[in-house]
Amino acid sequence: MRLEFEVLALVNALAAAGALVYWFLVRPVYAREDRPVGVSILAIENFIAGTVLLVESFIILLNPVIGIIGVIVGTLGALSLWLGRGLADGRELALRVQLFLTLAGIAFGLAGLVVGLLVFGLVYGLPIGGLYQVWYLRQSYVRDFFRWESEPLLLGPQSGVVLEVKNLTKHFEVYERGVLLRRKIGDVHAVDNVSFSLNSGETLGLVGESGCGKSTIAKCVLYLEPPTSGTVIFREIDITHAFAKGRSGRVLALRRQMQYIFQNPYASLDPRMTVADIIMEPLAVHRHIPGDQWLDRMYQLLRMVGLEDYHAERYPHEFSGGQRQRICIARALAVEPKLIVADEPVASLDVSVRAQILNLLRDLQQQLGLTYLYISHDLSTVRHICDRVAVMYLGKLVEVAETEELFENPLHPYTVALMSAIPIPDPKHKTTRIILPGEVPSPISPPTGCRFHPRCSRAIDVCSKVEPEQVEVLPGHWLACYNPWPSKSAPAGQN
């Protein structure tokens, strides 16, 4: 399809050039009426522009209204081609029709420009729209019919800290609908002043109850959602600045380094594409390997995630949930990333299939040297795969520690409550379940001080007044709490 769009853009550019030639050269000749042949030039320009609009509308299938406009303008252009001959005989009607069609063509071009800017983002229109379309085709890299090639990146060392998040904040504005205009009434504090780092080859687990901001952090890290403030540094490159201000090729190169595994494999795969098309689509976008190697790379990825070659010609609905998630993993690995954000990749799978996917992720990490940001609310899977764990509550990090240290020695009251909810497959084992009182506060108006203090059994007076800072209470164990639970591993006299 890319060649067709390029040809249509060039034809539109010619139509726009014809309009300019008419306006500055042919129109003065019309006034003297000594060169009636100019009418044919204008008629042909109108006819070409109208026909191009009609063809584009049917190829792209954007909106029936655009198709109707194309039919009308194409018909008027053809009619003007026939009527234009009458000017040679001095017919005043033909001249008036030509002038009307010219004004109609310019009006349709302006309307196409406005509609394209406000609705579609790409104009399929007459003279003015044609110029804008050519410019847009050369500037955009996110359209399926035109892609920029990746630029080489000067990345930092692969060892050490791969990802560093500093004071990340993301607020979503809330509006109230009025009669004519919307009025802002507040902000959803999805993520507030979150900082953490991720080392090469490490798996950091991000846990917390639904709505605490885990997925928002993931989207901000990959710039799927632009953060309100803060920085995200990937291998010594500030990606918040690179994505916001960088060139298209540079952004595409950064996208190659960081990939996303979505929570729902049923919704993240296009049902109209075969597995081969799904896996080779990133190869076509990034073009980091020659085209004659795409098929071999696709089959290699299928075998890498535990699927067979004959699965390539099937559609997503022909697979089980676990197999679909394997396809999603293969698609993420297609561009050879270094960081993978896995947003609850096993949440919608059966327990037996979860273990297979988790083991696959761990094996791929060892083979390819991957770094994971693993998001989940299932603490049992977090303990199975993660090296460190960060606990979130209402947009804030409350505790960060190595996995075994956190599970054996939780200090924050919210972390202790989470640990008490883990089911233990032993009927003889008795546990004390901590039931938190009340409901999670609204993120539009979070509590002052510590955000957990309205539900905390260990809250003291300062908790409601001053927000606690993260401090390292034990080696590698960071905590934001004024009155934590006693540590099981602290030396005597330091609890």
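Here is a short report on the structure shown in this document. Note that the coordinates shown come from a computational prediction; the quantities given were computed from them, not determined experimentally.

Things to note about the overall build of the protein
Step number 1: A count of helices and strands for the protein gives 15 helices and twelve strands.
Step number 2: Counting over 495 residues, the protein shows a buried share of 47%.
Step number 3: In the protein, the proportion of contacts linking residues at least 24 apart, taken out of those at least 6 apart, comes to 63%.
Step number 4: When the accessible surface of the protein is split by element, carbon and sulfur atoms take 58% of a total near 25200 Å².

Let's talk about helix H10 (residues 294-304)
Step number 1: Restricting attention to buried positions, one finds in H10 the residues Trp-294, Arg-297, Met-298, Leu-301 and Leu-302. Down the axis of H10, the smallest arc covering the buried residues is 140°, so these residues share one side.
Step number 2: Each element contacted by the buried residues of H10 is listed here: helix H9 (275-286) and helix H11 (321-333).
Step number 3: Immediately beyond the C-terminal end of H10, within one or two residues, lies Gly-306, with a positive phi of roughly 90°.

So, the nonpolar core
Note that soluble globular proteins tend to have their nonpolar side chains buried in a common cluster.
Step number 1: Ranked by size, the top nonpolar core spans 56 residues in total, and within it Ile-329, Tyr-374 and Val-389 carry the most contacts.
Step number 2: Ignoring any residue separated from it by four or fewer positions in sequence, one finds Ile-329 in contact with Ile-261, Val-305, Ile-357, Leu-360, Leu-361 and Leu-364.

Regarding the pairing of strand S1 (residues 161-177)
Step number 1: Pairing between S1 and strand S2 (residues 182-199): 13 bridges, direction antiparallel. Within the sheet, the bridge partner assigned to Val-161 lies in S2 and is Asn-199.
Step number 2: In the sheet, S1 pairs with strand S4 (residues 229-234) via five bridges, with the strands oriented antiparallel. Bridge pairing links Val-165 to Val-232 in S4.

A look at the sheet that holds S1
The strands that make up a sheet are held in pairs by hydrogen bonds between backbone atoms, and each pair lies either parallel or antiparallel.
Step number 1: Taken together, the four strands give an open sheet; going across it, the order is S2-S1-S4-S5, and neighbouring strands pair in antiparallel fashion. Two strands lie at the open edges of the sheet, namely S2 and strand S5 (237-238), each paired on one side alone.
Step number 2: This element, helix H6 (residues 214-221), spans S1, S2 and S4 of the sheet and lies at about 115° to S1.

Description of the pairing of strand S8 (residues 371-375)
Step number 1: Among the five residues that make up S8, five are buried, leaving the element largely enclosed by the rest of the structure.
Step number 2: Burial of S8 is two-sided: the residues Thr-371, Leu-373 and Ile-375 facing one way and the residues Tyr-372 and Tyr-374 facing the other way are all buried.
Step number 3: Bridge count between strand S3 (residues 203-207) and S8: four bridges; the pairing is parallel. If you follow Thr-203 over to S8, its bridge partner there is Tyr-372.
Step number 4: With helix H12 (residues 351-368) bridging strand S7 (residues 339-343) and its parallel neighbour S8, the resulting β-α-β unit is right-handed.

A look at the side chain of His-311
Step number 1: Along the chain, the position of His-311 falls in the loop between H10 and H11.
Step number 2: The exposure class assigned to His-311 is buried, which follows from its relative accessible area of 6%.

Describing the packing of aromatic side chains
Step number 1: In total, this model carries five aromatic pairs according to the counting rule given.
Step number 2: Judged by centre distance (5.4 Å) and plane angle (65°), the ring pair of Tyr-414 and Phe-452 falls under edge-to-face. Of this pair, Tyr-414 sits in helix H15 (residues 413-420) while Phe-452 is found in the loop between H15 and strand S11 (471-474), placing the two residues 38 residues apart along the sequence.
Step number 3: Owing to a relative accessible area of 1%, Tyr-414 belongs among the buried residues under this scheme.
Step number 4: Clustering of aromatic rings is evident, with ring pairs tying together Tyr-393, Tyr-414 and Phe-452.
Step number 5: The residue whose ring lies beneath Lys-170 is Phe-172, and the NZ or CZ to ring-centre distance is 4.9 Å.
Step number 6: Across the ring face of Trp-485, the terminal group of Arg-458 is positioned such that the distance to the ring centre comes to 5.0 Å.

Section: the packing of H9 against H10
Step number 1: Where H9 meets H10, the closest approach of the two axes is 10 Å, and the angle between their N-to-C directions is 120°. By the criterion of interaxial angle, the relationship of H9 to H10 is oblique. Relative to H10, the crossing made by H9 is right-handed. Contact residues: Val-275, Ala-276, Ile-279, Met-280, Leu-283 and Ala-284 in H9; Trp-294, Leu-295, Arg-297, Met-298, Leu-301 and Leu-302 in H10.
Step number 2: Its residues placed into classes, the contact of H9 with H10 shows eleven nonpolar, no polar and one charged.

Quick notes on unusual backbone geometry
Step number 1: Its identity is not glycine, yet Arg-235 carries a phi of approximately 50°, on the positive side.
Step number 2: By secondary structure assignment, the location of Arg-235 is in the loop between S4 and S5.
Step number 3: Exposure remark for Arg-235: the relative accessible area of 8% places this residue in the buried category.
Step number 4: In this structure, Glu-336 takes a positive phi of about 55° despite not being glycine.
Step number 5: As for its position among the elements, Glu-336 is in the loop between H11 and S7.
Step number 6: Assessed through its relative accessible area of 39%, Glu-336 is described here as partly exposed.

Digging into the pattern of salt bridges
Step number 1: For the structure on display, the rule yields 16 salt bridges.
Step number 2: Of the charged contacts in the structure, one is a salt bridge between Asp-270 and Arg-272, with a shortest N-O distance of 3.5 Å.
Step number 3: Classification of Asp-270 by relative accessible area gives partly exposed; the value is 25%.
Step number 4: The shortest N-O distance in the salt bridge between Arg-383 and Glu-404 comes to 3.1 Å. Here Arg-383 is found in helix H13 (residues 379-385), whereas its partner Glu-404 is found in helix H14 (residues 403-408), with 21 residues between them in sequence.
Step number 5: Using a relative accessible area of 34% as the deciding quantity, one classes Arg-383 as partly exposed.
Step number 6: Taking relative accessible area as the criterion, Glu-404 reaches 44% and is therefore assigned partly exposed.

Cut-offs applied
Residues numbered from 1 in each chain as written. Predicted model: local features only at pLDDT ≥ 70, side-chain atom pairs only at ≥ 80, totals over all residues. Heavy atoms only, no water. Helix = DSSP H or I, 4+ residues; strand = E, 2+ residues; numbered from the N terminus. Buried < 20%, exposed > 50% of the residue type's maximum accessible area, 1.4 Å probe, protein only. Contact = heavy atoms within 4.5 Å. Areas by Shrake-Rupley, 256 points an atom, 1.4 Å probe, with all protein chains shown as cover. Arc of directions from axis to C-beta. Core = buried A, V, L, I, M, F, W, Y, C linked by side-chain atoms within 4.5 Å. Pairing = 2+ DSSP bridges. Axes fitted to C-alpha atoms, helices over the stretch in contact; angles between N-to-C directions. Right-handed = clockwise from strand over helix to strand, strands pointing away. Phe/Tyr/Trp six-rings, centres within 6.5 Å; stacked < 30°, edge-to-face > 60°. Lys NZ or Arg CZ within 6 Å of the ring centre and 35° of its normal. Parallel < 35°, antiparallel > 145°, perpendicular 65-115°, else oblique. Left-handed = near helix turned anticlockwise from the far one by under 90°. Nonpolar A, V, L, I, M, F, W, Y, C, P; charged D, E, K, R; others polar. Salt bridge = Lys/Arg side-chain N within 4 Å of Asp/Glu carboxyl O.

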